[in-house]
Amino acid sequence: MKNKLFVIVVMLPWWTQLACAQQRDALDEALALVGMRRADLGWRPKGWWPRFPGDIPYKLRAFDSLLAEPLDSITYTRSLAEAAKVHLDPTAMDDTDERGVGHLHQAVHRLGVNPKFGGLRGYAANLTAAEMPLDEAILTLYRAAGRPTSFVTFATESPYPQLSAELAEAVAVIPEDARPVLGRLVLNIIDARRWADLAFRNVDPAKRAVVTRRFNLGQEQVDALDYCPQVDDLARTWDEASLWYAGEKCVQALDDARTALAKLQDVPPFAFDWETPWGWIRVRGSGDDEVDGYDALLIVDLGGDDRYSGPVAASNANQAVSLLLECAGNDRYEAAGPTQGAGLCGIGVLIDAAGEDVYRADRYAQGVGQFGLGVCADLGGSDDYFVKYSGQGCGYFGIGLLLDCTGRDRYKLYADGQGLGGVGGVGLLADRSGDDTYEAVRDAKITGRPSYHSPDEDITVSNAQGCAMGRRGDGADGHSWAGGLGALLDSEGNDKYTSGNWSMGTGYWFGTGLLHDGAGHDEYRGVVWSQGSGAHFCIGVLVDEAGDDRHLIEATSNNSLAFGHDFAVALLVNVGGDDTYQMQQNGIAYSINRSVAALIDVGGDDSYVGNEANRPGMAVFDDRFRARGGVSDYFADTTAVGLFLDVGGNDRYWTEQQNNTHWLDEPDSPNWTERNFSVGVDRDEGTVSLRPRPEKAPTGRP
Ligand SMILES: [Ca+2]
Ligand SMILES: [Ca+2]
Ligand SMILES: [Ca+2]
Ligand SMILES: [Ca+2]
């Protein structure tokens, strides 16, 4: 080994390579038109600024640096997308590295745990258990729970219960080859459960019980409607490291069981049910089974088309760990919720390895975390998901992941999900392949969530599809909680995205909302606050890497397509293809109240269709930008830009703007002196680096 030479080949995207070969790239040149450099983008808020919102707890680690270097949010988006592409590759899901870490574990780590908490780095789940007969493993669980396995009184063993003998008889229905695999899984769950319990060792159980039954955080956050003090108390007393460690153990343990059980042949129909001190263990065979998830620690099904009801793979204050492994078949999951990968004050993990599956729930389902880890991982088949509220990748102080590897999938939601990073949480939906449909139901008469941004049209507050929402408490009770990371990552296929308001790479209140689409001809349909937008100290990014795409903002549309309001980073990047951008009112690189709003389209013949509201690339002036010594110093101290950049192609505009020209503010505009810049550039050729400061890279030459 030591004599080998290692050659490291760094693969850069084509536009980066081209950028290296030239001195100036199109973005540098566009910024230079108004005397800006990349380093002028973004903000590092000063603590002395009067009335700038400070003391915002629960910001995720990435937030401040992304706000300071907005272009890094594109790199961050791409790095998450790459992790999803690599670790949800359906051809690699059975592989593990030398430490036994599988791709599903890596996906959960890279997409969920790591953005939330940096103490773990995904090296290993450290599962040390060997295979053991299932009945012995369950007896070990009794001992771990502090319960006896034999019962002696008056120096005599009681004639009942005969735990050991009864268990030995009960497990006999399970195929012999499956039992040691399941025994190992139980031992690993014992290990994980210990860490999950440690996570809450300092938490008042009564407060944990309150938080685990609080199902309105999606509705409550945003404008701060119904303060739950137990949330603050829990956030200050739990031990996150222990919980995420437990969560990674659960994912790897369940995935190990999946690959081991996949080797079984000729599995008969059967049913095994045993109530342990930590809840039911239910194992089913190849029959078409009906299973209820009530108080279930572990459900394993080895085949057949099955139906699940109740809280499957759903944890709560009394059930720290709840896992479901579905090995094969076309299955139907239906429950009110929490269910189907719901981690509330604990860990809920569902793995469905194959089949065309249907998921139905009212709330808190299909990958949702609230002070916990909720994972719904569907590894095969075309699936149909529907949840009304809070699911399909939704996190409140927790991590909620919906991970789907293959098929033409349908995702439907009323509100709060499909990649919602709620208060202090990570919510992420990653779909690896296939032509998919994402719908956040627009009609507020159906969803019961009318948006005050569309008062006349019954448009829903969707909070979906790569959206981040904080709790803006400055107008209410002062408990201002930062939004988290909400992301929707779709690697391949021709996809359709539909929503009401607040969607598709949109942030709010110290949150980061990201949508990344890696390939295909895609259609994005939103209304207000959609597709690279944000309001009030946040980050919203949409990156589409390829294909002929349609970015359509419908109804009385506004505040979308790279629209930033009040220290928002609002970026829409579309690479390649002949694209259409359409909206009615303000948008298409539009900055108000000190924002960095940029729409960058590289390549292709594009159409920009709007009304007379604004030209593409515009920053609106406000008198507060020049008012110092008062409440708006933070406006006066900062720099903002509305930047439109289209490189290549023959492009059409709705205004007087022309292909291969550029446009800026009028010479007498007050914007110039207050560093509030409007930039519009259409150029026929060039390359674009989307890194913060490539021009400052050391050359390595003296
Ligand atoms: Ca079955
Ligand atoms: Ca299935
Ligand atoms: Ca699927
Ligand atoms: Ca696509």
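Preceding this paragraph is the structure being described.
What you see as residue numbers is a count from 1 along each chain, following the sequence as written. Each chain is given a letter, starting from A, and each ligand a number, starting from 1, according to the order in which they appear as written. Confidence filtering applies because this is a predicted model: local features only for residues at pLDDT of at least 70, side-chain atom pairs given and counted only at 80 or more, and all residues used for totals across whole chains, interfaces and linings. Hydrogens are left out, water is left out, and the side-chain values use all remaining heavy atoms of the structure.

### What about the overall build of the chain?
What counts is decided by this rule: Secondary structure follows DSSP: runs of H or I at least 4 residues long count as helices, runs of E at least 2 residues long count as strands, and numbering of each begins at the N terminus. The globule rule used here is 2.2 Å times the number of residues to the 0.38 power, and the radius of gyration it is set against is calculated over C-alpha atoms. Buried, partly exposed and exposed residues are distinguished by accessible area as a fraction of the type maximum, computed with a 1.4 Å probe on protein chains only: under 20%, between the cut-offs, and over 50%, respectively. Any pair of residues with heavy atoms lying within 4.5 Å of one another is described as a contacting pair. Each accessible area is a Shrake-Rupley result for a 1.4 Å probe, and residues are judged covered by the shown protein chains and nothing else. Working convention for charge: Lys and Arg count positive, Asp and Glu count negative, and His plus the chain ends are omitted. By convention, the charge on Lys lies at NZ, on Arg at CZ, on Asp at CG and on Glu at CD.
Helix and strand counts for the chain come out as 14 helices and 43 strands. A compact globule built from 702 residues should have a C-alpha radius of gyration of about 27 Å, and the chain, at 26 Å, falls within 12% of that. Expressed as lengths along the three principal axes of its C-alpha atoms, the size of the chain is roughly 100 × 55 × 55 Å. Residue burial in the chain is summarised as follows: out of 702 residues, 62% are buried. For the chain, long-range pairs separated by at least 24 residues make up 78% of all intrachain contacts whose partners lie at least 6 apart in sequence. Carbon and sulfur atoms provide 49% of the accessible area of the chain, an area that totals close to 26000 Å². Here the chain holds 62 positive side-chain charges and 102 negative ones, and the gap between their average locations is 7 Å.

### Thoughts on helix H11 (residues 229-237)
As a reminder, the rule being used: Think of it as the arc spanned by the lines of direction from the helix axis to the C-beta atoms.
Along H11, the residues that are buried comprise Val-231, Asp-232, Leu-234 and Ala-235. On an axial view of H11, the arc spanned by its buried residues comes to 165 degrees, and they lie on one face. Buried-residue contacts for H11 involve helix H9 (205-212).

### Let's talk about the pairing of strand S21 (residues 426-431)
Remember that side chains alternate between the two faces of the sheet whenever the strand is regular. What counts here: We call two strands paired when DSSP finds no fewer than two bridges between them.
With 6 of its 6 residues buried, S21 lies for the most part within the structure. Of the two faces of S21, the one lined by Val-426, Leu-428 and Ala-430 and the one lined by Gly-427, Leu-429 and Asp-431 are each fully buried. As paired elements, strand S18 (residues 399-404) and S21 share 6 bridges and run parallel to each other. What sits directly across from Leu-401, in S21, is Leu-428. Looking at chain direction, S21 and strand S25 (residues 485-490) are connected through 6 bridges and run parallel. If you follow Gly-427 over to S25, its bridge partner there is Gly-486.

### Overview of the packing of helix H8 (residues 178-199) against helix H12 (residues 240-261)
The condition is simple: For helices, the fitted axis covers only the stretch in contact; all axes are lines through C-alpha atoms, and the angles between them, taken along N-to-C directions, range from 0 to 180 degrees. For classification purposes, an angle smaller than 35 degrees is called roughly parallel, one larger than 145 roughly antiparallel, one from 65 to 115 roughly perpendicular, and anything else oblique.
For the pair H8 and H12, the least separation of the axes is 7 Å and the interaxial angle reads 170 degrees. For the element pair H8 / H12, the angle class is roughly antiparallel. Packed against H8, whose contacting residues are Ala-178, Val-181, Leu-182, Arg-184, Leu-185, Asn-188, Asp-191, Ala-192, Trp-195, Ala-196, Leu-198 and Ala-199, the element H12 presents Ser-242, Leu-243, Tyr-245, Ala-246, Lys-249, Cys-250, Ala-253, Leu-254, Asp-256, Ala-257, Ala-260 and Leu-261 at the interface.

### Observations concerning the coordination of the calcium ion (ligand 3)
Under the convention used in this document: Donor selection uses N, O and S atoms within 2.8 Å of the metal (3.2 Å for Na, K and Ca). Since no water is included, sites may look incomplete.
Listed as protein donors to the calcium ion (ligand 3) are Gly-381 (O), Asp-383 (OD), Asp-404 (OD), Asp-404 (OD), Thr-406 (O), Asp-409 (OD) and Asp-409 (OD); their distances from the metal cover 2.2 to 2.9 Å. Donor residues for the calcium ion (ligand 3) sit on one chain with the sequence pattern G-x1-D-x20-D-x1-T-x2-D. For Asp-409, a relative accessible area of 1% gives the class buried.

### A few points about the coordination of the calcium ion (ligand 2)
Protein coordination at the calcium ion (ligand 2) comes from Gly-329 (O), Asp-331 (OD), Asp-352 (OD), Asp-352 (OD), Ala-354 (O), Asp-357 (OD) and Asp-357 (OD), with a distance range of 2.2 to 2.8 Å. For the calcium ion (ligand 2), the single-chain donor residues occur in sequence as G-x1-D-x20-D-x1-A-x2-D. With a gap of 23 residues between them, Gly-329 in the loop between strand S9 (321-326) and strand S10 (332-335) and Asp-352 in strand S12 (residues 347-352) connect regions that are remote in the sequence. Assigned by exposure class, Gly-329 and Asp-352 land together as buried.

### What to know about the nonpolar core
The condition is simple: Take the buried Ala, Val, Leu, Ile, Met, Phe, Trp, Tyr and Cys residues and link them wherever side-chain atoms come within 4.5 Å; each set so joined is a nonpolar core.
Core analysis: the biggest nonpolar cluster contains 165 residues, and Leu-111, Leu-261, Leu-298, Ile-347, Leu-403 and Leu-645 have the highest contact counts within it. With residues near it in sequence (within four places) discarded, Leu-645 still touches Ala-26, Leu-27, Ala-30, Leu-599, Ile-600, Asp-601, Val-681, Arg-683 and Val-688.

### Concerning the side chain of Ser-560
Relative to the assigned elements, Ser-560 resides in strand S33 (residues 550-560). If we skip the residues at most four places from it in the chain, Ser-560 touches Val-527, Val-528, Trp-529, Ser-530, Ser-533, Ile-553, Met-583, Asn-586, Gly-587 and Ile-588.

### Some words on H9
Where H9 is concerned, the buried positions are Arg-208, Val-211 and Thr-212. Buried residues of H9, seen end-on, are gathered within an arc of 95 degrees and therefore sit on one face of the element.

### A word on the side chain of Asp-306
Note on placement: Asp-306 falls in the loop between strand S6 (296-301) and strand S7 (307-309). Apart from the residues lying within four places of it in its own chain, the contact partners of Asp-306 are Gly-287, Asp-288, Asp-289, Asp-301, Glu-326, Ala-328, Asn-330, Asp-331 and Arg-332.

### Things to note about unusual backbone geometry
The omega torsion across Tyr-160 and Pro-161 is -10 degrees, close enough to zero to call that bond cis. Within the secondary structure, Pro-161 is located in the loop between strand S2 (156-157) and helix H7 (163-170). Of the consecutive residues Gly-337 and Pro-338, the connecting peptide bond is found in the cis state with omega at 5 degrees. Residue placement: Pro-338 occurs in the loop between S10 and strand S11 (342-344). Phi at Ala-155 is positive, roughly 60 degrees, even though this residue is not glycine. Along the chain, the position of Ala-155 falls in the loop between strand S1 (152-153) and S2. A residue is classified by how much of its surface remains accessible, and Ala-155, at 79% relative accessible area, is exposed. You will see that Phe-510, though not glycine, has its phi angle at about 65 degrees, which is positive. The topology assignment puts Phe-510 in the loop between strand S28 (506-508) and strand S29 (512-517).

### Topic: the pattern of salt bridges
Side-chain pairs of opposite charge can arise where the charged atoms are in close proximity. Stated formally: One side-chain nitrogen of Lys or Arg within 4 Å of one carboxyl oxygen of Asp or Glu is enough to make a salt bridge.
Counting across every chain of the model gives 41 salt bridges. Where Arg-99 meets Glu-98, a salt bridge forms, and the shortest distance between an N and an O atom there is 3.8 Å. The class for Glu-98 is exposed, based on a relative accessible area of 69%. Lys-388 is the salt-bridge partner of Asp-362, the closest N and O atoms lying 3.6 Å from each other. Of this pair, Asp-362 sits in strand S13 (residues 358-365) while Lys-388 sits in strand S16 (residues 384-391), and the two are 26 residues apart along the sequence. A relative accessible area of 35% means that Asp-362 is categorised as partly exposed. By sharing partners, the salt bridges in this structure join Arg-442, Glu-523, Arg-525, Arg-550 and Glu-554 into a single network.

### Re the packing of helix H5 (residues 103-116) against H12
Any two packed helices are characterised by the angle at which their axes cross and by the distance between the axes. So the rule is basically this: Working rule for handedness: look at the near helix, and if it is turned counterclockwise from the far one by less than a right angle, call the crossing left-handed; if clockwise, right-handed. Charged residues are taken to be Asp, Glu, Lys and Arg, nonpolar residues to be Ala, Val, Leu, Ile, Met, Phe, Trp, Tyr, Cys and Pro, and polar residues to be all remaining types, Gly included.
Interaxial distance between H5 and H12 falls to 9 Å at its minimum, and their mutual angle equals 165 degrees. Compared by their axis directions, H5 and H12 come out roughly antiparallel. Like other packed secondary-structure pairs, H5 and H12 cross with a definite hand, here right-handed. The segment H5 lies against H12, with Leu-104, His-105, Val-108, His-109, Val-113 and Lys-116 engaging Glu-240, Trp-244, Glu-248, Val-251, Gln-252 and Asp-255. Residues that form the contact of H5 with H12 fall into these classes: 5 nonpolar, 3 polar and 4 charged.

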